[in-house]
Amino acid sequence: MWQQMRPAIRMTLLLTVFTGLAYPGLVTGLSQALFPWRANGSLVAVNGRIVGSELIGQNFSRPAYFQPRPSAAGADGYDASASNGSNLGPISQKLIDRITASIQKFRKENADFSGPLPADLVTTSASGLDPHISPASAEAEAPRIAAARGVPLGQIMELIRENTEGRTLGFLGEPRVNVLRLNLELDRRWPQK
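Residues numbered from 1 in each chain as written. Predicted model: local features only at pLDDT ≥ 70, side-chain atom pairs only at ≥ 80, totals over all residues. Heavy atoms only, no water.

Caption draft 1: Inspection of a nonpolar patch on the surface at higher detail. Side chains of Met1, Trp2, Met5, Ile9 and Leu13 sit close together on the surface and give an oily, nonpolar patch of about 590 Å² of accessible area. Relative to the helices and strands, isoleucine 9 resides in helix H1 (residues 2-34). Here isoleucine 9 falls in the partly exposed class, since its relative accessible area comes to 41%. (Patch = residues over 30% accessible without salt bridge, like charges linked within 9 Å, V, L, I, M, F, W, Y side chains within 5 Å. Areas by Shrake-Rupley, 256 points an atom, 1.4 Å probe, with all protein chains shown as cover. Salt bridge = Lys/Arg side-chain N within 4 Å of Asp/Glu carboxyl O. Helix = DSSP H or I, 4+ residues; strand = E, 2+ residues; numbered from the N terminus. Buried < 20%, exposed > 50% of the residue type's maximum accessible area, 1.4 Å probe, protein only.)

Here you go:
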């Protein structure tokens, strides 16, 4: 029996060392050496204080800020420890009710916008933590933000254009705007009183 157990124990120990210590240590070391910003969570600091991450969406609800996509992550949304989508199908009444409520809320808060709503304004992402919105969504919110901050609409639109990220590698994904970065730039240029 011990002749069969010894190789199994040795393999278990060997694999534990390689897959539990050596490989994670190597990957962590390479990540820290090659991509320290990403490896450490892409944390954004203002005046030495961490205010968020470029990778994780967070809720902004005041009228003077761009608002992110709705979130199904956690009870109140934007909970990084409960990242997930809603998994509601297209004929789900709960999904229809949530989207209808999101549309009504957006129309109420953005009375100056009358065009068709970009889908990402009322639908959640797969993770519930998408830190980006489309440029069209940012432009739909721009009149509200301009009015709340007392800034000409053209300047807000220019800020959106300056903060629009292109497609990854020129062909992957869609143009997008990081909500946290955009809101921090709003505060930098036109601080709230």
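Caption draft 2: Broad picture of the confidence of the model for the chain. Mean pLDDT for the chain: 91, with 99% of residues reaching 70 or above. The lowest-confidence element of the chain is helix H2 (residues 36-39), averaging 85 in pLDDT; the highest-confidence one is helix H5 (residues 153-162), averaging 97. (pLDDT = per-residue confidence, 0-100.)

Caption draft 3: Region of interest: the sheet that holds strand S3 (residues 132-133). Taking strand neighbours across the sheet as the criterion, the three strands line up as S3-S5-S4 in an open arrangement whose pairing is antiparallel. On the outer flanks of this sheet lie S3 and strand S4 (164-165), each paired with one strand and no other. When S3 meets strand S5 (residues 176-178), the two strands line up antiparallel, connected through two bridges. If you follow histidine 132 over to S5, its bridge partner there is asparagine 178. (Pairing = 2+ DSSP bridges.)

Caption draft 4: How the structure looks around the packing of H5 against helix H6 (residues 179-189). Two elements in contact, H5 and H6, have axes whose closest approach is 11 Å; the angle formed by their N-to-C orientations is 135°. Here H6 runs oblique to H5, going by the angle between their axes. Here H5 runs over H6; the crossing is right-handed. Touching Ile156, Leu159, Ile160 and Glu162 of H5 are Leu182, Glu185, Leu186 and Arg189, all from H6. (Axes fitted to C-alpha atoms, helices over the stretch in contact; angles between N-to-C directions. Parallel < 35°, antiparallel > 145°, perpendicular 65-115°, else oblique. Left-handed = near helix turned anticlockwise from the far one by under 90°. Contact = heavy atoms within 4.5 Å.)

Caption draft 5: A look at the packing of aromatic side chains. The final tally for this structure, using the stated rule, is two aromatic pairs. Ring centres of phenylalanine 106 and phenylalanine 113 lie 5.9 Å apart, and the angle between their planes is 80°; this geometry places the pair in the edge-to-face category. Like phenylalanine 106, the residue phenylalanine 113 is buried in the burial classification. The cationic tip of arginine 149 hangs over the ring face of tyrosine 65; the distance from NZ or CZ to the ring centre is 4.9 Å. (Phe/Tyr/Trp six-rings, centres within 6.5 Å; stacked < 30°, edge-to-face > 60°. Lys NZ or Arg CZ within 6 Å of the ring centre and 35° of its normal.)

Caption draft 6: Representation of the pattern of salt bridges in the model. In total, this model carries 11 salt bridges according to the counting rule given. The residue glutamate 54 makes a salt bridge to arginine 181 at a minimum N-O spacing of 2.5 Å. Of this pair, glutamate 54 sits in the loop between strand S2 (49-53) and helix H3 (93-109) while arginine 181 sits in helix H6, and the two are 127 residues apart along the sequence. Classification of glutamate 54 by relative accessible area gives buried; the value is 18%. Between arginine 189 and glutamate 185 there is a salt bridge, with the nearest N and O atoms lying 2.9 Å from each other. With a gap of four residues between them, arginine 189 and glutamate 185 both fall in helix H6, about one helical turn apart. Each of the salt bridges in this network shares a partner with another, and the network as a whole consists of Glu162, Glu185, Arg188 and Arg189.

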